[in-house]
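Working through the structure, step by step
What follows is the residue order along each chain.
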Amino acid sequence: MRKYKQPSTVGRFGEFGGMYVSETLMPLLLNLDKSYKKIQKDKKFKKELNDLFKNYVGRPSSLHFAKNLSKYINGPKIYFKRDELNHTGAHKINNCLGQILLAKKMGKTRIIAETGAGQHGVATATVCALFGLPCYIYMGAKDIERQKPNVFRMKLLGATIIPVESGSKSLKDAMNEALRDWIKNVRDTFYIIGSTAGPHPYPKMVRDFQSVIGQEAREQILKVEKKLPDYLIACVGGGSNAMGLFYPFLNDKKVKIIGVEAAGRGAKTEETAATMTSGTPGILHGSYSYVLQDNDGQIKEAHSISAGLDYPGVGPEHSYLKDIKRVKYFGITDKEALEAFQTCSKLEGIIPALEPSHALAYLIKAFKNKHKNKVVILNLCGRGDKDLFTAAKAIGFDADE
Amino acid sequence: MNNLDSLPKKKILSLFMTCGFPTLNQSKKVFNEMLSHQPNIIEFGLPFSDPMADGPIIQEANKLALRSKLSTQQSLNLIKELSKSKNNTSFVIMCYLNTVRKFGLNKFIKNIKSIVDGIIIVDLPFEEEDAIKKSLSKNNIHLIKLISPMTDKKRSKKLLKNSKGFIYYISATGITGSNKLDYKEINKNVKSIKKMSSVPVLVGFGIKSKKDVIDISKKTNADGVVIGSALIQKYFDIKMDFNKYLKSLKKFIQEVKI
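This one's a predicted model, so the numbers in the text were calculated from it and none came from an experiment. (Residues numbered from 1 in each chain as written. Chains lettered and ligands numbered in written order. Predicted model: local features only at pLDDT ≥ 70, side-chain atom pairs only at ≥ 80, totals over all residues. Heavy atoms only, no water.)

**Brief notes about the overall build of chain A**
Note the cut-off: Numbered from the N terminus, helices here are DSSP runs of H or I no shorter than four residues, and strands are runs of E no shorter than two. As a reference, a globule follows 2.2 Å times the number of residues to the power 0.38, and the radius of gyration itself is taken over C-alpha atoms. Only protein chains enter the accessibility calculation, which uses a 1.4 Å probe; a residue whose area is less than 20% of its type maximum is buried, one above 50% is exposed, and one in between is partly exposed. By the convention used here, residues are in contact when the closest approach between their heavy atoms is within 4.5 Å. Per-residue and other accessible areas follow the Shrake-Rupley method at a 1.4 Å probe size, with only the shown protein chains counted as cover for residues. When charges are tallied, Lys and Arg are placed among the positive residues and Asp and Glu among the negative ones, while His and the ends of the chain are skipped. A charged residue contributes its charge at one atom only: NZ of Lys, CZ of Arg, CG of Asp or CD of Glu.
Within chain A, the secondary structure is distributed over 16 helices and 14 strands. Here the C-alpha atoms of chain A give a radius of gyration of 19 Å, agreeing with the 21 Å that 2.2 N^0.38 yields for 401 residues. Along the first, second and third principal axes, the C-alpha set of chain A runs to 55 × 50 × 45 Å. For chain A, the residues scored as buried account for 66% of the 401 residues in total. Looking at chain A alone, contacts between residues at least 24 apart form 74% of all its contacts between residues at least 6 apart. In the form shown here, chain A has an accessible surface area of approximately 15000 Å², with 53% of it arising from carbon and sulfur atoms. Of note, chain A has its 60 positive side-chain charges centred 8 Å away from the centre of its 41 negative side-chain charges.

Structure (structure tokens):
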């Protein structure tokens, strides 16, 4: 295999990706791309970001050997890359810090973002508080309802939440509204996209900022196991935590990589978010990638118990990695994820977010009594605090809201 | 023959309307009303589930049109049927790329050939247009270009090379929290566009009244206007009473024909 070198200069991962936006946004994206390229070579920027990673986020996040879960599965040795220990409770902060530093350098004075589960919204509101910039978060009305703790967090951090009532009232619609805001306020506003989705240069930029996860995991596993892992597993919604873990391993042919999508009530049902299992290539939010769509190209509503995976598209790099068969993608249902959510809590004393619970569920299902003597790294990209009410309701526990 | 090649020099009126809005049957009546005024251009919006470059009013129109699962083929059939009473009016389709892609470019062109004079694919940037532009021009359909206040001179020059039909200048951008038209800026940018291209320049986005139309004509160098959201807004203003809507549409179009 040739050395992995994606995307192209115009943001193509194979045929996927690109910049499909109106002329109101095109000049901005080109300018953003230019500024990002420049900053990548800037040593001062790197140092600033690394300092923040270390002292503000608490990086490197630990690589925890999940002994009890490994024993329970009776299969491989399982390691958790614990990005849920980051400040704000998920991997999202890595990318937000990178982007806000870029926004500062570009002289932007107003920050907008979209959020699904609220993790990216919280991370954005956090960096805005830190850097003293006004912050506007677009969030689907449905997500506001199911992610109340995060809504309160964002408000505490000084952000303005703008409820989105259009469409399915979740992440996809929040992104539409944020893009509209950006079109209207192009001159002073920086749009911090939280996932590896959207038009170029976002998928590349977000991946690069998140790849600190994989870089650390690589060093850490080499230290404890004296070898590279046999498997990587991460959940995929838009795909930022997964790209962050996968990217530094893509050239290591022997490392098998698995992405786990949210299949909702089943990948073959209409209530799913398993874009790569059930979707076809199309254009959504400025990027050519797999999407859930009907025969006329109308985008379907996604469904998942996890607000962070409830998105009918996926980052273009995942589509590419699927098509070249470098990464295999599987779907996990709401029910399976909820079971894994409980299993992990009981066995490891770690309450995972519902997003990585999908990755956990796949691991438990597919590796049980198999792959002994192998080593697996699973990206535990978020903690479960935000999901307590949702999970309690789904499990049937009477939690007094 | 392409009607866009014989647009008048001044006071061009282009009316935008979403196909299938509010319903497919009512949509026919809406377009017939519009056609009866013989505007220079009618823009047919093909409804899309995620019209990210459109404002909330057109988004709502898209949603209503898609309620009854309106297909691309039905929209194209509607346009074909209306073209019988087209006369000198230019027909332009405005849509998103995913709609064309999923329908199939060749099949799409086959359906609109000799019926439609131009097409605006909102999210198809200049950088990606080559193959599509070629197929369209072979069939005498013009790919209409959008220019925004953010498009700088260097980029405009590239975009406007060999432009056909008209140039769509998007006016209301970059004005935080305000939908007021900045005539000074519009005039400056339109002038600069006209230096680079000989086809008419129409100003769109945010034109709501007869006064706006007259002001654009008097205070700027633009050759005409595009009115879209304001036509749709009327429907919500009269609480979705369709018969009243047709009447108010008639009155409004008479007003803006200056």
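**Overview of the environment of A:Val57**
Residues and elements named next belong to chain A. Its place among the elements puts valine 57 in helix H2 (residues 43–57). Sequence spacing of valine 57 and lysine 67 is 10 residues, and the spatial spacing of their C-alpha atoms is 26 Å. Ignoring sequence-local partners within four residues, the contact set of valine 57 consists of Leu52, Asn86, His87, Ile93, Asn94 and Leu97.

**Looking at the packing of aromatic side chains**
Stated formally: Within 6.5 Å between ring centres, the rings of Phe, Tyr and Trp (the latter by its six-membered ring) count as paired, and their orientation is classed by plane angle as stacked under 30 degrees, edge-to-face over 60, tilted in between. Our definition puts a charge over a ring when NZ of Lys or CZ of Arg is within 6 Å of the ring centre and also within 35 degrees of the ring normal.
Going through the model one piece at a time under the given rule, you end up with 23 aromatic pairs over all chains. Judged by centre distance (6.3 Å) and plane angle (70°), the rings of A:Tyr4 and A:Tyr247 are edge-to-face. One end of the pair, A:Tyr4, is in the segment before strand S1 (12–13); the other, A:Tyr247, is in the loop between helix H11 (240–246) and strand S10 (256–264), with 243 residues separating them in the sequence. The exposure class assigned to A:Tyr4 is buried, which follows from its relative accessible area of 9%. The partly exposed category is assigned to A:Tyr247, whose relative accessible area is 26%. Between A:Trp182 and A:Tyr191 the ring centres are 5.9 Å apart and the planes differ by 70°, which places this aromatic pair in the edge-to-face class. Of the two residues, A:Trp182 and A:Tyr191, both sit in the buried class. Counting every residue linked through ring pairs, the aromatic cluster contains B:Phe21, B:Tyr235, B:Phe236, B:Phe242 and B:Tyr245. Here the guanidinium or amino end of A:Arg110 rests over the ring plane of A:Tyr136, the centre of that ring lying 4.6 Å away.

**Some remarks on the nonpolar core**
Convention followed: As used in this record, nonpolar core signifies buried Ala, Val, Leu, Ile, Met, Phe, Trp, Tyr and Cys residues forming a set joined through side-chain atoms within 4.5 Å.
Grouped together as the largest cluster of nonpolar side chains are 180 residues, with contacts concentrated most on B:Ile79, B:Ile93, B:Phe166 and B:Ile227. Once residues within four sequence positions are removed from consideration, B:Ile93 is found in contact with B:Phe44, B:Leu46, B:Leu76, B:Ile79, B:Phe108, B:Ile112, B:Val116, B:Gly118, B:Ile119 and B:Ile120. Ranked by size, the runner-up nonpolar core spans 32 residues in total, among them A:Ile78, A:Ala273, A:Ala337 and A:Leu378.

**Concerning the confidence of the model for chain B**
Residues and elements named next belong to chain B. Defined as follows: What pLDDT reports is the predictor's confidence in each residue, on a scale of 0 through 100.
For chain B, the mean per-residue pLDDT works out to 94, and 97% of the residues sit at or above 70. The low-confidence segment residues 174–178, where pLDDT is below 50, has 10 contacts with residues more than four positions distant or belonging to other chains. If you check the scores for this complex, the pTM reads 0.95 and the ipTM reads 0.94.

**Describing the sheet that holds strand S8 (residues 189–191) of chain A**
Residues and elements named next belong to chain A. Our working rule: At least two DSSP bridges between two strands are needed for those strands to be called paired. Helix axes are fitted to C-alpha atoms over the stretch in contact, other axes to C-alpha atoms as well, and angles between N-to-C directions run from 0 to 180 degrees.
Strand order in this open sheet of four strands is S7-S6-S5-S8, and the pairing throughout is parallel. Because the sheet does not close on itself, it has two edges, and the strands there are strand S7 (160–164) and S8. Mean inter-strand twist for the sheet, computed between neighbouring axes without regard to direction, equals 25°. Here three bridges tie strand S5 (residues 110–115) to S8, and the two strands are oriented parallel to one another. Pairing of isoleucine 112 across the sheet is with tyrosine 191, part of S8.

**Digging into the interface of chain A and chain B**
Stated precisely, the cut-off is as follows: The buried area of a pairing is the accessible area, by a 1.4 Å probe, that goes missing from both parts when the two are put together, added over both. Salt bridges are defined by distance alone: a side-chain nitrogen of Lys or Arg within 4 Å of a carboxyl oxygen of Asp or Glu. Under the convention adopted here, Pro, Cys and the residues Ala, Val, Leu, Ile, Met, Phe, Trp and Tyr are nonpolar, Asp, Glu, Lys and Arg are charged, and Gly plus all remaining residues are polar.
The partner chain B presents 42 residues to the 39 residues of chain A that form the contact. Here chain A and chain B share an interface that buries about 3200 Å² over both sides, 49% of which is from carbon and sulfur atoms. Broken down residue by residue, the surface that chain A buries against chain B is led by A:Glu23, A:Arg180 and A:Arg187, which jointly contribute 20%. Our enumeration of links across chain A and chain B arrives at four salt bridges. In this structure, B:Glu185 and A:Arg187 form a salt bridge, with 3.1 Å as the shortest nitrogen-oxygen distance. Contributing elements (two or more residues each) for the side of chain A that touches chain B: helix H1 (26–40), helix H8 (171–184) and strand S11 (280–284) of chain A. Top element by residues in the side of chain A that touches chain B is H8(A). It accounts for seven residues. Of the residues in the side of chain A that touches chain B, the class split is 15 nonpolar, 14 polar and 10 charged.

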